[in-house]
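# Coordinates in review
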Amino acid sequence: QVQLVESGGGLVQAGDSLTLSCVVSGRTFGIGRMAWFRQAPGKEREFAAASSVSGRTIYYADSVKGRFTISRDNAKHTLYLQMNSLKPEDTGVYYCAANQWGSGTSTQENEYQYWGQGTQVTVSS
């Protein structure tokens, strides 16, 4: 089995930065595409950013493009999300997702087999 554990969330003010981390453990061999999704209060979960296994193919939602940066350290089995210029509308629970043997990137939840429990990000105005 594969376990994903997110960390780094918190309460910040608009304009601040945060870096989220997601550590993969268990059967890490073959972990492919990974992504961050988020869910705002009262809304459905939505795609934020995705990375291919090599990190050379990256995709962002329009709402975070230019402010968020996704990266991964495969040697440490860790996915990151650097979030700059945070806005109140970025508030929500951020989830890490991974697919085993998956290539490329995907914005679709059903393309990811494993999910973390989420970390709360709250941005005050």
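Everything below is about the structure printed above this text.
Now for a description of the structure that goes with this document.

The rules behind each value
- Residues numbered from 1 in each chain as written.
- Predicted model: local features only at pLDDT ≥ 70, side-chain atom pairs only at ≥ 80, totals over all residues.
- Heavy atoms only, no water.
- Phe/Tyr/Trp six-rings, centres within 6.5 Å; stacked < 30°, edge-to-face > 60°.
- Helix = DSSP H or I, 4+ residues; strand = E, 2+ residues; numbered from the N terminus.
- Contact = heavy atoms within 4.5 Å.
- Pairing = 2+ DSSP bridges.
- Axes fitted to C-alpha atoms, helices over the stretch in contact; angles between N-to-C directions.
- Salt bridge = Lys/Arg side-chain N within 4 Å of Asp/Glu carboxyl O.
- Buried < 20%, exposed > 50% of the residue type's maximum accessible area, 1.4 Å probe, protein only.
- Disulfide = S-S within 2.5 Å.
- Polar contact = N/O pair within 3.5 Å; in protein donor to acceptor, adjacent residues only side chain to side chain.

Moving on: the packing of aromatic side chains. Per the counting criterion, the structure on display carries six aromatic pairs. Here Phe37 and Phe47 contribute two aromatic rings whose centre-to-centre distance is 5.7 Å and whose plane-to-plane angle is 75 degrees, an arrangement assigned as edge-to-face. Remark: Phe47 occurs in strand S5 (residues 46-51) and Phe37 occurs in strand S4 (residues 31-39); sequence separation between them is 10 residues. With 6.5 Å between their ring centres and 75 degrees between their planes, Tyr112 and Trp115 make a pair best called edge-to-face.

Its place among the elements puts Ser17 in the loop between strand S2 (10-13) and strand S3 (18-26). Apart from residues lying up to four places away in sequence, Ser17 is in contact with Val12, Gln82, Met83, Asn84, Ser85 and Leu86.

Bringing the sheet that holds strand S7 (residues 68-73) into the picture now. Pairing is antiparallel in the open sheet, where four strands are placed in the order S1-S3-S8-S7. Both edges of this open sheet fall to strand S1 (2-7) and S7, since each of them pairs with a single strand only. Neighbour to neighbour, the strand axes of the sheet diverge by 15 degrees on average, direction disregarded. Strand direction decides the pairing type here: S3 and strand S8 (residues 78-83), joined by six bridges, are antiparallel. By the bridge assignment for S8, Val23 is matched with Thr78.

On to the pattern of salt bridges, then. Counted by the stated rule, this structure contains six salt bridges. Between Glu46 and Arg38 there is a salt bridge, with the nearest N and O atoms lying 2.8 Å from each other. Relative accessible area serves as the criterion here: at 35%, Glu46 is assigned to the partly exposed category. Between Glu109 and Arg45 there is a salt bridge, with its nearest N and O atoms 3.0 Å apart. Taken together, the positions of Glu109 in the loop between strand S9 (92-100) and strand S10 (114-115) and Arg45 in the loop between S4 and S5 put the pair 64 residues apart, joining distant regions of the chain.

Below, the discussion takes up the environment of Thr57. With respect to the helices and strands, Thr57 occurs in the loop between S5 and strand S6 (58-60). Distance in space between the C-alpha atoms of Thr57 and Glu6 is 22 Å, their sequence separation being 51 residues. Those residues within four positions of Thr57 in sequence are excluded, and the remaining contacts are Ala50, Ser51, Ser52 and Thr105.

Attention now goes to the state of the cysteines. Counted according to the given criterion, the structure contains one disulfide. Bridging Cys22 to Cys96, the disulfide has an S-S length of 2.1 Å. With the S-S bond torsion at -75 degrees, the cross-link from Cys22 to Cys96 turns out left-handed. Of the two residues, Cys22 sits in strand S3 while Cys96 sits in strand S9, which places them 74 residues apart along the sequence. A relative accessible area of 0% places Cys96 in the buried class.

Another aspect to go through is the side chain of Arg38. Inspection of the secondary structure puts Arg38 in strand S4. Polar side-chain contacts of Arg38 include one of 3.3 Å to the side chain of Ser63. Every residue in contact with Arg38, bar those within four places of it in the chain, is listed here: Glu44, Arg45, Glu46, Ser63, Val64, Phe68, Glu89, Asp90, Val93 and Tyr94.

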